[in-house]
Amino acid sequence: MPQIYRFGTPIETGALAASVPVETGQALKKYCTLEKDPQGGWKMILALQDNDVVYGLGESMRGINKRGWEYIADNLDDPNLTEDRRNLYGAHNFLIVQSDPCLGIFIDAPEKVRFDIGFSRQDRLAIEFPGNADVLILEGEKPSAIAHEFRQLIGPSWIPPLFAFGFGQSRWGYASKKDFEEIALRADELRLPLDMIFMDIDYMDRYKDFTFSKEFSDFPSFADFFRKQKLHLIPIIDAGVKEETGYDVYEEGVKNNYFVKCEDGKTDFVGAVWPGYALFPDFFNPKAAAWFGEKYKVLTDAGIDGFWNDMNEPALFYSRQGMDRLRGWLAEYAKKGPEAYAMFALENHVGSLKNAPEDYRSMHHLLNGQWISHERLHNLYGAKMSEAAANAFKKLRPGLRTLLFSRSSYIGMHRHSGIWTGDNCSWWDHILLMIHQLPALSMCGFLYSGCDLGGFGRDTTRDLLLRFLQLGVFTPLMRNHSAAGTRLQEIWQFENPEDFRHLLDCRYRLIPWLYSEFLKASVNNTLLFSPLSFVFDQDEFTKEVEDQLMLTEQVMIAPVYRQNAKGRLVWLPEAMRKVVMKPDGSVETVMMEAGHHYVPYALNELVFFLREEALLPLAKPALRTADLDFEDLTLIGNPQGSYELWTDDGISLNAPISKRLLRME
Ligand code: MIG
């Protein structure tokens with residue numbers, strides 16, 4: 001039986017959708033030792049045996065097995081996703097300890113939580129959480145059962161519109177109409193499947209949310225041009241609202257006290273982000289949330305049906321107070337003249353302006369009639385922004401699904417939004433990072449997710465982009481996105497675009513199946529991606545496999561993530577059917593014995609594995625998801641097998657699902 005152990009008076013986070021019995025926090029002692037720290041927080045400590053594995057933590061660094069590092073839930077905008085990072089953009093405080101018995105642990109608290117998973121001591125799991133927290137404990141026989149139970153408790157994962165499974169082209173820096181038109185044009189010329197074109201911050205008038213630069217003054221007709229080609233423009237919305245007299249969003253927000261305040265509860269908190277000085281909507285105030293949500297109307301009225309919410313940790317380049325502090329310090333420093341470590345002191349003072357803890361501490365929200373510091377609910381801010389948007393869409397686009405994904409997140413947000421995993425780099429290791437994150441995201445309900453394919457920061461290469469796409473073929477969000485200033489990364493920047501086209505064709509051919517499996521995973525609260533060990537739990541070696549994934553219980557993927565490799569070693573826990581989708585459009589399947597194999601995997605083919613009993617439908621290639629024929633399917637796999645295909649209309653909220661049993665005659 002799931003059980004909540006309650007400490008203090010936790011803030012309502014909305015993470016759980018089901019009601020779970022509550023006991024006093026002290027009763028947690030039956031699972032662990034419990035220590036109180038002088039600041040009022042708690043530390044729970046569990047012993048780890050040699051063979052125990054710890055899974056979970058959604059979007060975080062390191063492996064599928066989280067042992068051997070310390071992770072901190074503290075949503076942060078920092079684009080350096082190196083191995084030693086402790087906190088990323090989202091707080092997904094759920095983990096599964098595979099031990100005897102298996103335990104699921106969810107720390108439901110939107111402030112800082114520290115997971116020391118064998119960092120201080122290899123044989124110990126220590127979780128430090130604040131004085132106000134709900135600790136949910138699940139017991140089960142297997143990790144997969146615990147994951148399933150957790151997903152039931154947090155409620156069904158959000159289902160995006162069908163077009164969101166198409167390919168998306170994006171780049172920070174597209175600013176002119178021509179930039180966007182060019183994408184449609186080139187994709188057309190090269191016959192590249194495409195459904196979405198993303199608009200980054202440069203479509204706005206000086207980074208003001210819900211405005212357009214001069215270039216897009218006739219936005220509705222501009223949007224129409226793409227709609228006619230069955231392409232979806234997906235604009236970005238940032239959390240910070242520019243401080244500017246005459247700007248309606250700013251003025252209305254100030255007048256109605258809709259922005260986050262300083263400690264005094266009166267002055268608006270001002271931080272610098274892309275628009276310069278900016279204010280932050282207080283999404284915890286229902287009126288402010290409804291008001292901000294309404295603002296998407298200028299875009300939905302123009303036919304826009306998808307958005308990405310960015311900078312909602314919220315990211316702070318610096319604050320007005322921080323800049324004042326720096327000025328004071330610099331004046332003093334200039335008087336003194338340089339001393340030892342001068343450069344470090346300077347760098348530290350300037351660098352620590354960014355996302356400064358004292359700024360987050362000074363931000364204040366009025367919650368249930370009481371002023372509380374942002375620090376106490378920091379990890380929920382981005383989720384609340386996306387909830388505001390999702391609620392507004394119900395009115396702005398009644399009965400229709402709207403694509404939405406967010407950078408910052410908290411468990412619970414998975415019921416109305418997806419995520420992307422932020423500013424990765426054009427690094428081979430970041431293919432592996434996505435492989436590690438996908439199953440953990442599934443455990444936390446974030447089924448609609450993906451990374452920036454090709455890598456966001458730094459320069460990509462042709463082979464890296466192809467390898468990223470070979471993984472991206474399987475991730476619900478499949479988007480090529482890159483940062484301004486990096487090497488151009490659209491497919492047409494590279495030789496032999498037909499190799500890329502083939503991978504996109506593979507994706508579109510797989511969409512009926514992928515979408516069907518997505519629906520099942522959402523409705524049945526099952527994992528879309530899981531570690532091999534969740535499915536093959538009799539086999540000890542699979543616990544060590546960190547570069548292959550199960551995508552549903554029937555398909556195994558083993559992407560290549562090393563440069564110049566012409567294939568890779570693959571572990572088959574049982575006899576499986578290797579599927580190769582060849583560049584000429586043919587599909588080769590061959591049974592392989594259980595065991596270790598070197599499997600060739602060329603840049604221009606798609607390789608994956610089916611369990612022996614599995615049957616999988618493939619559609620004919622199409623250039624748009626809307627043109628996919630869900631009736632005209634080829635079946636591959638077990639000649640005696642069957643497949644239940646789930647479909648719906650792909651656009652309506654609560655669309656009825658129809659189920660069709662497919663068999664090879
Ligand atoms: O500070 O809008 O993660 O996808 O291209 C950078 C510009 C702000 C961060 C996002 C990235 C986006 C970029 N944004």
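Up top is the structure.
The following refers to the structure shown. (Residues numbered from 1 in each chain as written. Predicted model: local features only at pLDDT ≥ 70, side-chain atom pairs only at ≥ 80, totals over all residues. Heavy atoms only, no water.)

**Some details on the packing of aromatic side chains**
Applying the stated rule across the entire model yields 47 aromatic pairs. A centroid spacing of 6.2 Å and a plane angle of 80 degrees characterise the contact between Tyr5 and Tyr31, whose relative ring orientation is edge-to-face. Within this pair, whereas Tyr5 is found in strand 1 (residues 3-7), its partner Tyr31 is found in the loop between strand 2 (22-24) and strand 3 (33-36), the two being separated by 26 residues in sequence. Ring centres of Tyr296 and Phe393 lie 5.4 Å apart, and the angle between their planes is 90 degrees; on these two criteria the pair is classed as edge-to-face. Of the two residues, Tyr296 sits in the loop between helix 5 (286-294) and helix 6 (297-300) while Phe393 sits in helix 10 (residues 381-396), which places them 97 residues apart along the sequence. What links up through ring pairs into an aromatic cluster is the set Phe210, Tyr258, Phe259, Phe283, Trp291, Phe292, Tyr296, Phe307, Tyr381 and Phe393. The residue whose ring lies beneath Arg467 is Tyr601, and the NZ or CZ to ring-centre distance is 5.5 Å. Of note, Lys659 hangs over the ring of Trp646, and the distance from its end group to the ring centre comes to 4.2 Å. (Phe/Tyr/Trp six-rings, centres within 6.5 Å; stacked < 30°, edge-to-face > 60°. Helix = DSSP H or I, 4+ residues; strand = E, 2+ residues; numbered from the N terminus. Lys NZ or Arg CZ within 6 Å of the ring centre and 35° of its normal.)

**Observations concerning the site of the ligand**
Near the ligand, the surroundings consist of 13 residues, among which Asp200, Asp310, Arg407, Asp423 and His481 are the closest. In the environment of the ligand, an oxygen atom lies 2.9 Å from a nitrogen or oxygen atom belonging to the side chain of His481. If the ligand stood free it would expose 350 Å²; the protein chains cover 96% of that surface. Classifying every residue of the shell around the ligand by side-chain character gives 8 nonpolar, 1 polar and 4 charged. (Near = heavy atom within 4 Å. Polar contact = N/O pair within 3.5 Å; in protein donor to acceptor, adjacent residues only side chain to side chain. Areas by Shrake-Rupley, 256 points an atom, 1.4 Å probe, with all protein chains shown as cover. Nonpolar A, V, L, I, M, F, W, Y, C, P; charged D, E, K, R; others polar.)

**Details of the sheet that holds strand 4 (residues 42-47)**
The strand order across the open sheet built from 5 strands is 3-4-11-10-6, with neighbouring strands paired in antiparallel fashion. Two strands in the sheet have a free side with no partner beyond their single neighbour: strand 3 and strand 6 (69-73). Taken pair by pair, the neighbouring strands of this sheet meet at an average axis angle of 15 degrees, ignoring direction. As paired elements, strand 3 and strand 4 share 4 bridges and run antiparallel to each other. Among the inter-strand pairings, Lys36 is bridged to a residue of strand 4, identified as Trp42. (Pairing = 2+ DSSP bridges. Axes fitted to C-alpha atoms, helices over the stretch in contact; angles between N-to-C directions.)

**As for the side chain of Ser426**
With respect to the helices and strands, the residue Ser426 is situated in the loop between strand 25 (418-420) and helix 11 (429-443). Within polar-contact distance, the side chain of Ser426 engages the backbone oxygen of Arg458 at 3.3 Å. Sequence-distant contacts of Ser426, that is, excluding residues within four places in its chain, are made with Gly454, Gly455, Phe456, Gly457, Arg458, Asp459, Thr460, Leu464 and Gln489. (Contact = heavy atoms within 4.5 Å.)

**Looking at helix 12 (residues 462-472)**
The buried count for helix 12 comes to 11 of 11 residues, which makes it a mostly enclosed element. Restricting attention to buried positions, one finds in helix 12 the residues Arg462, Asp463, Leu464, Leu465, Leu466, Arg467, Phe468, Leu469, Gln470, Leu471 and Gly472. (Buried < 20%, exposed > 50% of the residue type's maximum accessible area, 1.4 Å probe, protein only.)

**Side note on unusual backbone geometry**
A cis amide bond links Asp100 to the next residue, Pro101, at an omega of 0 degrees. Residue placement: Pro101 occurs in the loop between strand 8 (94-98) and strand 9 (102-108). The peptide bond linking Glu313 to Pro314 adopts the cis configuration, its omega dihedral lying at -5 degrees. Mapped onto the elements, Pro314 comes out in the loop between strand 19 (306-310) and strand 20 (318-319). One non-glycine residue, Met311, lies in the positive phi region at around 60 degrees. On the secondary structure map, Met311 appears in the loop between strand 19 and strand 20.

**Let's talk about the environment of Trp428**
Structurally, Trp428 is set in the loop between strand 25 and helix 11. Classification of Trp428 as buried rests on a relative accessible area of 14%. A sequence separation of 132 residues divides Trp428 from Val560, and the C-alpha atoms of the two residues are 9.2 Å apart. Residues in contact with Trp428, not counting those within four places in the same chain, are Asp463, Leu464, Arg467, Tyr561, Arg562 and Gln563.

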